[in-house]
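Now for the letters of each chain:
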Amino acid sequence: QSVLTQPPSTSGTPGQRVTISCSGSSSNIGSNTVNWYQQLPGTAPKLLIYSNNQRPSGVPDRFSGSKSGTSASLAISGLQSEDEADYYCALWDDSLNGVVFGGGTKLTVL
Amino acid sequence: EVQLVESGGGLVQPGGSLRLSCAASGFTFSSYSMNWVRQAPGKGLEWVSCISSGTSIIYYAESVKGRFTISRDNAKNSLHLQMNSLRAEDTAVYYCARKKQVGIDAFDIWGQGTMVTVSS
């Protein structure tokens, strides 16, 4: 079981808005900033959101992140077929002295 | 082009050892903390270890502590992971990843990964 809890799967239709949640605790999300990664099938992960809500250059503004208390969310608006991927939240955990990943959420575009 | 290229993966028997390497190019390697992250077949991502730019700070996941050793050679722009006492559960794709910057624990550059299979 992961320290960070994500729904195993979610789905949406093209153009729709979907959100993926990430629930943690005071030692991780409650204390540090959250990062999100996108992993397309058969490829290495890619940084999607860092420091809760910052997008690296090249990431479309359809992707946004937020954090409140010990939970965080990734929102994808204007869903596209190429968004079909696994999404992971991750951040430093002060109790474990290491980086923790959520279990991942598989997004299916119907 | 900023790039990380892993090597050294392969098939090893339980209890055996393997040394992974990660060659960095296109950026000032010595200025960045580096990490290893692994992914078992069909499973999620698991952080393994990190090392600071100057090698003074090192952390390990509990699952590998005492068995794996991370190191780096800034003169050769390379990162290494010495894996001893390997177990079946260490079977995974191993990625090296660059930490974005001091104070931001995000991995902005990833290698393509190298597969490690522990099996008799």
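Residues numbered from 1 in each chain as written. Chains lettered and ligands numbered in written order. Predicted model: local features only at pLDDT ≥ 70, side-chain atom pairs only at ≥ 80, totals over all residues. Heavy atoms only, no water.

Caption draft 1: Structural view of the overall build of chain B. Along the backbone of chain B there are 0 helices and 11 strands. Along the chain direction, N to C, the helices and strands of chain B fall in the order β-β-β-β-β-β-β-β-β-β-β. Here the C-alpha atoms of chain B give a radius of gyration of 13 Å, agreeing with the 14 Å that 2.2 N^0.38 yields for 120 residues. Taken over 120 residues, chain B has a buried fraction of 48%. Sequence separation of at least 24 residues holds for 53% of the intrachain contacts in chain B that already meet a minimum separation of 6. When the accessible surface of chain B is totalled, it reaches about 5,400 Å², and 47% of it is carbon and sulfur. For chain B, the distance from the average site of its 11 positive side-chain charges to the average site of its 9 negative ones is 3 Å. (Helix = DSSP H or I, 4+ residues; strand = E, 2+ residues; numbered from the N terminus. Rg over C-alpha atoms; globule rule 2.2 N^0.38 Å. Buried < 20%, exposed > 50% of the residue type's maximum accessible area, 1.4 Å probe, protein only. Contact = heavy atoms within 4.5 Å. Areas by Shrake-Rupley, 256 points an atom, 1.4 Å probe, with all protein chains shown as cover. Lys, Arg positive; Asp, Glu negative; His and termini not counted. Charge placed at Lys NZ, Arg CZ, Asp CG, Glu CD.)

Caption draft 2: Structural view of the overall build of chain A. Helices and strands together make up the secondary structure of chain A, namely 0 helices and 9 strands. Secondary structure elements of chain A, listed N to C terminal, follow the sequence β-β-β-β-β-β-β-β-β. Seen through its principal axes, chain A has C-alpha atoms that stretch 40 × 25 × 25 Å. Counting every position in chain A, which comprises 110 residues, the buried fraction comes to 46%. In chain A, the proportion of contacts linking residues at least 24 apart, taken out of those at least 6 apart, comes to 57%.

Caption draft 3: Region of the structure containing the sheet that holds strand β2 (residues 18–23) of chain A. All names here are of chain A. Pairing in this open sheet of 3 strands is antiparallel, and the strands run β2-β6-β5 from one edge to the other. Only two strands of the sheet have a single neighbouring strand rather than two, namely β2 and β5 (63–68). Put simply, the sheet's adjacent strands are angled 20° from each other on average, direction ignored. Bridging between β2 and strand β6 (residues 71–76) involves 6 bridges; their strand directions are antiparallel. Considered in β6, the bridge of Ile20 is made with Leu74. (Pairing = 2+ DSSP bridges. Axes fitted to C-alpha atoms, helices over the stretch in contact; angles between N-to-C directions.)

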